[in-house]
Structure formats: structure tokens, C-alpha cells
Amino acid sequence: MNRYKLVFFSVISLIALHGCGGSSGGGSEQTTDRTLDDFKIPEQYEFTDKFGSGESGVSYSGQSKRLVLIQEMVDYILGLSDSANQDVLTDLNFFFEFDGSASDGLDYGYSLAGETLTPGPTYGDIASGKSLVGKIAGNDPGLIGDEFFGWTAGLDATPTPEELVQYFFGLLDAISTDESSEVIGLTGGITADIDVPYVTASGLDLRQLIQKFLLGAVAFSQGTGDYLKADYSINNDVQEDGNKPYSIVEHEWDEAFGYFGAARNYNEYTDNEIAGKGGRTEFASGYNDANGDGLIDILSEINLGNSTNCAKRDLGAVVPTDFTKTAFDAFLAGRTILNATTGNLEEDALALLQEVALIASVTWEKCVAATVVHYINDVLNDMDQFEADGYKDLAAFRNHAKHWAEMKGFALGLQFNPDSPFRANADTTNQLKTLLTLMGDAPVLPDNTQNGEAFAGGVEAYEADLIEARTILQNIYGFALVNVLNW
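Residues numbered from 1 in each chain as written. Predicted model: local features only at pLDDT ≥ 70, side-chain atom pairs only at ≥ 80, totals over all residues. Heavy atoms only, no water.

A few words now on the pairing of strand S4 (residues 183-186). Every second residue of S4 is oriented toward a common face, the buried set being Ile184 and Leu186 and the non-buried set Val183 and Gly185. In this structure, S4 lies alongside strand S5 (residues 190-193), joined through four bridges in antiparallel fashion. Paired with isoleucine 184 across the bridge in S5 is alanine 192. Counted along the chain from S4 to the antiparallel partner S5, the turn is three residues long, and its residue glycine 188 has a positive phi close to 90°. (Buried < 20%, exposed > 50% of the residue type's maximum accessible area, 1.4 Å probe, protein only. Helix = DSSP H or I, 4+ residues; strand = E, 2+ residues; numbered from the N terminus. Pairing = 2+ DSSP bridges.)

Right, dumping it as C-alpha cells:
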């Protein structure tokens, strides 16, 4: 894999780019019948104000802040202990319903070991306001077809993503403030305390469910269902707020990229480095001081969110994939078209932009879907290790709960992209509903129960359900079978 040669893999064809390298800077004369060959694509997501200020024209601080809020919520959950002397529900909603007027002046808790982060130290230094709840699917943008599906436990007949988050919060509050530990059955007829206050006896790892669902219902939903679907035929000649160094639609494109979570020099990383699994010292932990100022910029120098999942799946592919580069290069191309064009886009440039928007959207989704496949495989492996009368040890139970929650949390997010292959028609949407139903609302445990009820057919039947769900994903996305089995 050459991370320095810009190549775009279209949904239906291969488009080779020429004349790569170097930022476009200001505007260019519009011509007819242009192709991507006519635009000079930079290697990094860096674009200068085309209105003449000389400043950077890139802005997505609010999106970075929301990814930080999700990560801080995770860190908070991991730090919980069983204690009645805590108000977990209020603390979780501090992040979810973030009130900038009350909290922007507080120091954020997000950190990287041994590094000084910028902007900071306060939440407001990153961006003012910016709650998660205000941008969750169903609140903004609206639900596709006015329907949220895939989870029934604890919800009414017309659920919303916000209600599911609050249901998860309520479960977490209940088990973490109950000082009597949850227990699980191990082999030999013994029981063990689960020992962490975010995993239920039914096998729900709430830390994983909350994080993965929010990455889908907020970041993925906003990026694909809102910003990549914006009306890019207008407002490319209108400055945001009348004086910002970017047009209204340039900013909308940036916001989609911000939710993807990639560092601006993403193309300089290897997949191992994006995934934080080693590599060159200055890149090996998933971030890089690209400008050499001794600080790590939250807004430009860290790989967050789904951008890291793309690298992990590329690493696990036997038949090579390049989700990382395909998605990033599509974001680069779209932003270049907007930056290099004076005035609103003509028909040919708009068609190019819409094509690369589709590539970015569907490739991003493939990263999520391949990650669901990965966790289906993990759950199947966990179940293969069941012993006749329980889990072999506590670690086996916690791994099972973790992998199941990541599988289901990511899978729920697949419904939020209007350009999803699952949204091609009613039949494909029904296949997604079937997939989520096959997974259920809890794992099947060694005693053949799911959520405390006997599961028809037991462990063997549930394993067959997961294999069927995996096959649906393989067929919808055209994944190579060897990759599906290896992820």
C-alpha cells in the first residue's frame, strides 16, 4: 500500500487522478466538462481562505469537541465504582446534554499520556457549546422514514435514539449505585462477582454500547445523513457569518470530515499508526505533532472515531482493502472542488462533488460494517469457548459482553446513512432490520438464556443467527468471503 499516491476507488469505477500535490489556495476559472484531473488535490486536508485573508479556511471545531465528549464519557464510565454515593445519571448527562453556558469555562478531562493538548485547557477553548443530544439522529437530522429500529428492550413502540441512550444511562446508574455486585455463573457451579459497574449480569457492556451507539447516532449520522447530503449547489460564494475564511458549504463539508475524525495528514500514517498499534515513534499512538510546535492539536493532529476503525479493518483484510485512503481522498477531493471554485458550482463540478461525497459516505459505512463483522466473529469465538455449565472464568464472560456490545452498538448505526446500501429499497432496509433482530437485545449466555429468558434453540441456534447476520453484511457490501471470515 502506497499512502502517498492519491487514488480514488469509485463505487462503480476506478478514477485515476493526476497533478496531485500542492494546495489549491484561491479560486480557479470555471470550465465545462471538468474531471477530477483538472483539480490539484493536496496530500493533506489543508485549504487556504479563497476569499483572500490568507488564513486557513478549514473549520470543524464543534465536531472535534463532540468526539472528545464521547471519549470523556467513556473515561468517566471506566472510572466508576460500585457506590450509592454518586449521581451517575447526572454525570452522564453532563456530557450528553452539555451546557456550554454553564460548563465551557471548565477544564476538559481528555488527555494523552505525556502530551500537552491544544486548544485548551477548557471546553470552550475547543468550541463553545456543542451538546451531543442536540445532534443525535432523530433530533438533527430527522430519522430516515421517521423510524428508529433495532432495539426493543426498555423502549416503547415508537422509540428514538435519544430514548435508547437514556435507557442505557438508566441501566448504568442502577447497577453502579447498587453496592451489591452483579454475579455470573462459572463452570463448576460457582459464581463470581462481575467486578465492574458497567456490565450487567445479562451480558450488556454499557460502556461499549453507549460509546459505539453514539459514534453512529451522532457522528456517523451527522456526517453522512446531514453534511454529506447538504445542498452544495448554493452558498459556495457566501462566507459563513459574513466574515469567516470559508464559504457556508465549505464549512458543511469540513463538518462531515470532522465527524469522520481523521487527522489532517491522515495519508502520512500507516494503518498500524492510525489504529495506534505501533509504527514510527512520532505516529505510533494514533496522533502526530505535524506542525512541530510541541503540542498535539485536538482539531487536526489526532485520529478519532471511525477513522481508526477503517485502519483496523484494512489491517485485517486478506484480500486487500484501502478504506482509509479511499475515504480520506474522497474528502480531500470534495473540499478541493469547493475551495478551487469561485462562485457556486456549475453542473459538472457539482456532479463530481456528489460522486466523491457518495464515495466518502459509503466507504465510511463500510468501515463500520466491516467492524460489525469483526465483532460477530469475536462473539462466535467467545461462544465456541463456552463450557457445559458456564464460562471458564470471569475474563471469558467480560470478553463476551464487550464483543457483543461493540457488535450491536456499531450495527445500530448502520441505519443512519441515507446513501447506505441498506437504503437502496424496502427489501434491503428489511434486511438490516432482520440483521438487528437476529442479534437481539442481549447475548445468549452458556445457560441458553437471553435477557433472562430461554432462547429457542439455545447457543447453537444463536450462533446460526449471527452467521446469517454476517452473510447479510457480506452480500450487501460485497465483502470478500475470506475477509469476512478473517476480520
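A separate point is a nonpolar patch on the surface. A grouping of Val318, Val319 and Val482 is seen on the molecular surface, where their side chains present a nonpolar patch of about 220 Å² in accessible area. Tracing the backbone shows valine 319 in the loop between helix H9 (306-316) and helix H10 (323-339). (Patch = residues over 30% accessible without salt bridge, like charges linked within 9 Å, V, L, I, M, F, W, Y side chains within 5 Å. Areas by Shrake-Rupley, 256 points an atom, 1.4 Å probe, with all protein chains shown as cover. Salt bridge = Lys/Arg side-chain N within 4 Å of Asp/Glu carboxyl O.)

Before going further, it helps to spend a moment on helix H7 (residues 248-260). Taking 1.5 Å per residue as the helical rise, H7 with its 13 residues ought to reach 18 Å, and the 19 Å between its terminal C-alpha atoms agrees with that figure. Here H7 lies mainly inside the structure; 11 of its 13 residues are buried. All buried positions along H7 are accounted for by Val249, Glu250, His251, Trp253, Asp254, Glu255, Ala256, Phe257, Gly258, Tyr259 and Phe260. Looking at the packing, one finds that the buried side of H7 touches helix H1 (61-78), helix H6 (206-227), H9, H10 and helix H11 (347-384). (Expected span 1.5 Å × (residues − 1). Contact = heavy atoms within 4.5 Å.)

Another aspect to go through is the packing of H10 against H11. How two helices pack is summed up by the angle between their axes together with the distance between the axes. At a minimum axis separation of 8 Å, H10 and H11 run at an interaxial angle of 155°. When the axis of H10 is compared with that of H11, the two are roughly antiparallel. Considering the relative orientation of H10 and H11, their crossing is left-handed. Taking contact as the criterion, the partners of Phe323, Thr326, Ala327, Ala330, Phe331, Ala333, Gly334, Ile337 and Leu338 in H10 are, on H11, Ala349, Leu352, Leu353, Val356, Ile359, Ala360, Thr363, Trp364, Lys366, Cys367 and Ala370. Here the residues of the contact of H10 with H11 sort into 16 nonpolar, three polar and one charged. (Axes fitted to C-alpha atoms, helices over the stretch in contact; angles between N-to-C directions. Parallel < 35°, antiparallel > 145°, perpendicular 65-115°, else oblique. Left-handed = near helix turned anticlockwise from the far one by under 90°. Nonpolar A, V, L, I, M, F, W, Y, C, P; charged D, E, K, R; others polar.)

What follows deals with unusual backbone geometry. Across the junction of threonine 118 and proline 119, the peptide omega takes the value -5°, indicating a cis bond. Among the secondary structure elements, proline 119 is positioned in the loop between strand S3 (117-118) and helix H4 (123-126). The residue after glycine 120, namely proline 121, is reached through a cis peptide bond having omega 15°. With respect to the helices, strands and loops of the structure, proline 121 is situated in the loop between S3 and H4. Backbone geometry places lysine 130, a non-glycine residue, at a positive phi of 75°. Relative to the assigned elements, lysine 130 resides in the loop between H4 and helix H5 (161-177). Lysine 130 sits in the partly exposed class, given a relative accessible area of 33%. Positive phi, close to 70°, is recorded for asparagine 448, a residue that is not glycine. As for its position among the elements, asparagine 448 is in the loop between helix H13 (426-439) and strand S7 (449-450). Note on asparagine 448: relative accessible area 32%, which makes it partly exposed.

Next up on the list: empty space enclosed by the protein. Following the criterion strictly, the structure yields three cavities of 30 Å³ or more and no others. Its volume calculated, the largest cavity comes out at about 70 Å³. Partitioned by chemical class, the residues of the lining of the largest cavity number five nonpolar, two polar and four charged. One number sums up the size of the second largest cavity: a volume of about 60 Å³. Lining the second largest cavity we find 13 residues, and of these Ser64, Gly261, Ala262, Ile298 and Ile302 sit closest to its centre. Of the residues that constitute the lining of the second largest cavity, the class distribution is eight nonpolar, four polar and one charged. (1 Å grid on protein atoms, 1.4 Å probe; cavity = no way out; pocket = protein on both sides within 12 Å on 5 of 7 lines; lining within 4 Å. Points joined across faces, edges and corners; volume = space filled by probe spheres on them.)

On inspection of all chains with the given rule, the structure shows 36 aromatic pairs. Ring plane angle 80° and centroid distance 5.7 Å describe the contact between phenylalanine 422 and tyrosine 477, whose orientation is recorded as edge-to-face. Of this pair, phenylalanine 422 sits in the loop between helix H12 (394-412) and H13 while tyrosine 477 sits in helix H14 (residues 458-477); the two residues are 55 residues apart in sequence, bridging distant segments of the chain. Overall, the relative accessible area of 6% leaves tyrosine 477 in the buried class. Here a set of aromatic residues connected by ring pairs shows up, and it is made of Tyr45, Phe47, Tyr60, Phe220, Tyr232, Trp253, Phe257, Phe260, Tyr266, Phe328, Phe331 and Trp364. When the ring centre of phenylalanine 149 is taken as origin, the NZ or CZ atom of lysine 433, which lies over that ring, is 5.2 Å away. (Phe/Tyr/Trp six-rings, centres within 6.5 Å; stacked < 30°, edge-to-face > 60°. Lys NZ or Arg CZ within 6 Å of the ring centre and 35° of its normal.)

One pass over the structure, following the stated rule, counts 13 salt bridges. The salt bridge involving arginine 34 is made with aspartate 348; its shortest N-O contact spans 3.3 Å. Of this pair, arginine 34 sits in the loop between strand S2 (14-16) and H1 while aspartate 348 sits in helix H11; the two residues are 314 residues apart in sequence, bridging distant segments of the chain. Ionic pairing is found between lysine 65 and aspartate 104, a salt bridge with its closest N-O pair at 2.8 Å. Taken together, the residues lysine 65 in helix H1 and aspartate 104 in the loop between helix H3 (100-103) and S3 connect sequence positions 39 residues apart. One network of salt bridges, with partners in common, ties together Lys212, Lys402 and Glu406.

Attention shifts here to the environment of aspartate 465. With respect to the element layout, aspartate 465 can be found in helix H14. In sequence terms aspartate 465 and threonine 434 are 31 residues apart; their C-alpha atoms lie 9.9 Å from each other. Contact partners of aspartate 465, with chain neighbours within four places excluded, come to Leu438 and Phe455.

A few words on the side chain of serine 300. Among the structural elements, serine 300 can be located in the loop between strand S6 (296-297) and H9. When residues no more than four places from it in sequence are discounted, the contact partners of serine 300 are Tyr60, Ala263 and Arg264.

Here the focus is H9. Burial within H9 is extensive, with nine of its 11 residues counted as buried. Every buried residue of H9 is accounted for by Asn306, Ser307, Thr308, Asn309, Cys310, Ala311, Arg313, Asp314 and Gly316.

Here the focus is the packing of H6 against H11. Running from N to C, H6 and H11 cross one another at 155°; their axes reach a closest spacing of 10 Å. For the element pair H6 / H11, the angle class is roughly antiparallel. The handedness of the crossing between H6 and H11 is left-handed. Where H6 approaches H11, its residues Ala219, Phe220, Gly223 and Thr224 are matched on the opposing element by Ser361, Trp364 and Glu365. A class-by-class count of the residues in the contact of H6 with H11 yields three nonpolar, three polar and one charged.

Treat this as a map of the structure, not an account of what it does.
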